[in-house]
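The primary structure of each chain is shown beneath.
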Amino acid sequence: MCPDTCYTDCFVGDNGVGRTFNDSHYKQGSNYMPSVIGNVTLDFIRSALAEGRPFFAYVAPHSPHSPATPAPWYANTFPSAKAPRTASYNVSAPDHHWSVKVQPYINSIIEEEMYLLARR
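Rules used throughout
- Residues numbered from 1 in each chain as written.
- Predicted model: local features only at pLDDT ≥ 70, side-chain atom pairs only at ≥ 80, totals over all residues.
- Heavy atoms only, no water.
- Helix = DSSP H or I, 4+ residues; strand = E, 2+ residues; numbered from the N terminus.
- Buried < 20%, exposed > 50% of the residue type's maximum accessible area, 1.4 Å probe, protein only.
- Salt bridge = Lys/Arg side-chain N within 4 Å of Asp/Glu carboxyl O.
- 1 Å grid on protein atoms, 1.4 Å probe; cavity = no way out; pocket = protein on both sides within 12 Å on 5 of 7 lines; lining within 4 Å.
- Points joined across faces, edges and corners; volume = space filled by probe spheres on them.
- Nonpolar A, V, L, I, M, F, W, Y, C, P; charged D, E, K, R; others polar.
- Phe/Tyr/Trp six-rings, centres within 6.5 Å; stacked < 30°, edge-to-face > 60°.
- Lys NZ or Arg CZ within 6 Å of the ring centre and 35° of its normal.

Turning next to unusual backbone geometry. At Asn 76, a position not held by glycine, the phi torsion is positive, near 60°. By the secondary structure assignment, Asn 76 is in the loop between α1 (33–51) and α2 (98–101). For Asn 90, which is not glycine, the phi dihedral falls at a positive 60°. A relative accessible area of 27% places Asn 90 in the partly exposed class.

Glancing now at the pattern of salt bridges. Summed over all chains, the structure comprises three salt bridges. Of the charged contacts, one joins Asp 43 and Arg 46 as a salt bridge, the two residues approaching to 3.8 Å between their closest N and O atoms. Separated by three residues within a single helix, Asp 43 and Arg 46 lie in helix α1, roughly one turn from each other. Using a relative accessible area of 27% as the deciding quantity, one classes Asp 43 as partly exposed. On the basis of relative accessible area, Arg 46 is assigned to the exposed category, the value being 51%. In this structure, Glu 111 engages Arg 85 in a salt bridge whose closest nitrogen and oxygen atoms are separated by 3.6 Å. Here Glu 111, found in helix α3 (residues 108–119), pairs with Arg 85, found in the loop between α1 and α2; they are 26 residues apart in sequence, far enough to count as distant. When its relative accessible area of 23% is taken as the criterion, Glu 111 is described as partly exposed.

Glancing now at the layout of surface pockets. By volume, the second largest pocket amounts to about 290 Å³. The wall of the second largest pocket is formed by 17 residues, among which Tyr 32, Thr 69, Pro 70, Ala 71 and Tyr 74 lie closest to the centre. Those elements giving two or more residues to the lining of the second largest pocket turn out to be α1 and α3. The residue inventory of the lining of the second largest pocket, partitioned by class, reads 12 nonpolar, four polar and one charged.

So, on to the packing of aromatic side chains. Counted by the stated rule, this structure contains one aromatic pair. On the numbers, 6.2 Å between centres and 85° between planes, the contact of Phe 44 with Phe 55 is edge-to-face. Of this pair, Phe 44 sits in helix α1 while Phe 55 sits in the loop between α1 and α2, placing them 11 residues apart in sequence. A cation over an aromatic ring shows up here: Arg 85 above the ring of Tyr 89, its NZ or CZ 4.2 Å from the ring centre.

Next comes the structure, spelled out in structure tokens:
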């Protein structure tokens, strides 16, 4: 199965058959896995609708989590972008839910990594 960090040339299970989507002319979206997953899902939905079948599609690709490798056609689209900073950015909240109150402050090193990620 495709590992969490796989974006291209991934080996996946397709109805019990192992496949690698590495043909750039493949109608489902080359070998960039988020595109393949999205296009295969759309085909599934269109097929179900055309046949009048009920369906459920839960799609959870790992992007945009690190390494957040963009599709080649989107690479370097926002070279000077900065992640937005709202009023709640980097605020201590000891009276909030434990998952919020235990978050450490974001230092300048982590902040720069966040900017780099936003530019991808």
